[in-house]
Every structure is written in structure tokens, then in C-alpha cells.
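The lines below spell out each chain.
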Amino acid sequence: MSENLVCDVMSGAESDVGADTFRSIMRHLAGSVTVITTEGQGQLHGFTATAVCSVCATPPTILIVVNKSARTHPHIDSKGFFAVNVLADNQKMIAEHFAGKSDNQFSIVDHTITERGLPVITGASVQIECKIVERIPVGTHTIFVGRVIGAGDAAHAPLLYHDARYGQVAHI
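In this text, all values refer to a predicted model and were calculated from it rather than measured experimentally.

Visitor: So what exactly am I meant to see when it comes to the layout of surface pockets here?
Guide: Empty space among the atoms can be located by rolling a probe the size of a water molecule over them. Here the second largest pocket defines a volume of roughly 190 Å³. When contributions to the lining of the second largest pocket are tallied by element, the ones reaching two or more residues are β3 (43-49) and α4 (92-99). Among the elements that make up the lining of the second largest pocket, the one with the highest residue count is β3 (3 residues). Per-class residue counts for the lining of the second largest pocket are 4 nonpolar, 5 polar and 2 charged.

Have a look at this one:
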């Protein structure tokens, strides 16, 4: 049965769940807040996202899901590299900044540039550099599968997003 479900989803078959219902349901998934960054055409680009997932540890691989209409999408696709900055719990303003439509996004955000030309945000809980190894188009989005080629850990608690609100990890 699961094979048929995968085939139906990948073929674009209609769902019994409407888009608004789906969005409402997905708001119940808490996730770490990230800023996906890259470089393209001589400029730095980034956007706030929670659609980031570990794929496997050997070799270290993650995936990101990017709307094809997002202005950063073509830059990630053409560069072939991206960075995932897992924001620290004190970086809510950075999350909100990259969720907006600012033209010069990095002008007010402390960052460094890696050897591969990727911007990474200073003070982020974790910074992960990836080389794209696969692109999977699904509906309005592209799943970019990235081999982890660099990482840094600042050991800060991550900023979380749940039910359209930012939050912090309570003592677990």
C-alpha cells in the first residue's frame, strides 16, 4: 500500500486534504528555525525555513525543501551549495529579518564567508555546509539533498517554531 501512496504523491494525484487543512495540521509540527544561505551572481542570499531534515549519517546527508517561487531557489540550484544556519534561541530578530523581502539581507546580520563562498550566521547554534547531490521536484517545491561538507557548533539552544510562533526549548 505504501508504494501506491508514494506513486500517487509523486504523480501529482489529488488529495482528500485541502491546502488550508494541510497548513493547519502542519502548524502542529515544532521545528528548529533555520536560515538557508547561499551566494549567487555576486550577492548573498538567504531565507528563513523549518523544512530541513537529516537523511543519513553515512555519508552525512541532509535535505532542505525550497519553494520554486522563492527568490533564493535559483541561486541554490545554480551554485550547487548551500548552508543551513540553525538559529540560536536569542536570534528571533534574524529569523524575522530573513522571512522578509529585504534586498540586502546580510547588511545588518553578523556573518562570515566560508571557503566555498557561503555566508554563515555568527552565533547560530549550528552551521552546516552542503554540496547538492540530488534535486527532486515535488509540486511547487524542490527537495535539495545535500552532502554535509562542513559544520560548526556553537552549543547554543536552538530557536523553535510552532503554531506560527517562535519559542525556546524548555528544560528537557
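Visitor: Teacher, can you tell me more about the side chain of glutamine 105 here?
Guide: Here glutamine 105 shows up in the loop between α4 and β7 (111-113). What glutamine 105 contacts, discounting residues up to four positions off in sequence, is Leu44, His45, Gly46, Arg71, His97, Phe98 and Gly100.

Visitor: Looking at this structure, I do not really get the packing of aromatic side chains. What am I missing?
Guide: For any pair of aromatic rings, geometry is given as the distance between the ring centres together with the angle between the planes. Inspection of every chain in the model, using the stated rule, returns 2 aromatic pairs. Ring plane angle 65° and centroid distance 5.1 Å describe the contact between phenylalanine 98 and phenylalanine 106, whose orientation is recorded as edge-to-face.

Visitor: Explain the pairing of strand β6 (residues 81-86) here, please?
Guide: Note on strand geometry: in a regular strand, side chains alternate between the two faces of the sheet. Among the 6 residues that make up β6, 5 are buried, leaving the element largely enclosed by the rest of the structure. Note: strand β2 (residues 34-40) against β6, 4 bridges, orientation antiparallel. Pairing of threonine 37 across the sheet is with alanine 83, part of β6. Sheet topology places β6 next to strand β9 (residues 126-138); 6 bridges connect them, and they run antiparallel. Note that in β9 the partner of alanine 83 across the bridge is glutamate 129.

Visitor: Help me understand the environment of threonine 50, please; the structure alone is not making it clear to me.
Guide: Looking at the secondary structure, you find threonine 50 in the loop between β3 and β4 (52-57). The class of threonine 50 is partly exposed, set by a relative accessible area of 41%. When the C-alpha atoms of threonine 50 and leucine 160 are compared, they prove to be 8.9 Å apart, with 110 residues separating the residues in sequence. The contact partners of threonine 50, leaving out residues within four places of it in the chain, are Ser32, Val33, Thr34 and Tyr161.

Visitor: I keep staring at α4 and nothing clicks. Help me out?
Guide: At 3.6 residues per turn, the α-helix brings residues three or four places apart onto the same side. Within α4 the residues assigned to the buried category are Ile94, Ala95, His97 and Phe98. When α4 is viewed along its axis, its buried side chains cluster within an angular range of 165° and face the same direction. Residues Met93 and Ala99 are exposed on α4 and point more than 90 degrees away from its buried face. Those residues of α4 that are buried lie in contact with β2, β3, β8 (119-121), β11 (159-162) and β12 (165-168).

Visitor: Honestly, the nonpolar core in this entry has me stumped. Any pointers?
Guide: Burial of nonpolar side chains together is a common tendency in soluble globular proteins. Counting 14 residues, the largest nonpolar core has Ile36, Ile64, Ile76, Phe82, Val84 and Phe144 as the members making the most contacts within it. Among the nonpolar cores identified, the runner-up in size contains 10 residues, and Leu87, Phe98, Ile121 and Leu159 belong to it.

Criteria and thresholds
Residues numbered from 1 in each chain as written. Predicted model: local features only at pLDDT ≥ 70, side-chain atom pairs only at ≥ 80, totals over all residues. Heavy atoms only, no water. 1 Å grid on protein atoms, 1.4 Å probe; cavity = no way out; pocket = protein on both sides within 12 Å on 5 of 7 lines; lining within 4 Å. Points joined across faces, edges and corners; volume = space filled by probe spheres on them. Helix = DSSP H or I, 4+ residues; strand = E, 2+ residues; numbered from the N terminus. Nonpolar A, V, L, I, M, F, W, Y, C, P; charged D, E, K, R; others polar. Contact = heavy atoms within 4.5 Å. Phe/Tyr/Trp six-rings, centres within 6.5 Å; stacked < 30°, edge-to-face > 60°. Buried < 20%, exposed > 50% of the residue type's maximum accessible area, 1.4 Å probe, protein only. Pairing = 2+ DSSP bridges. Arc of directions from axis to C-beta. Core = buried A, V, L, I, M, F, W, Y, C linked by side-chain atoms within 4.5 Å.

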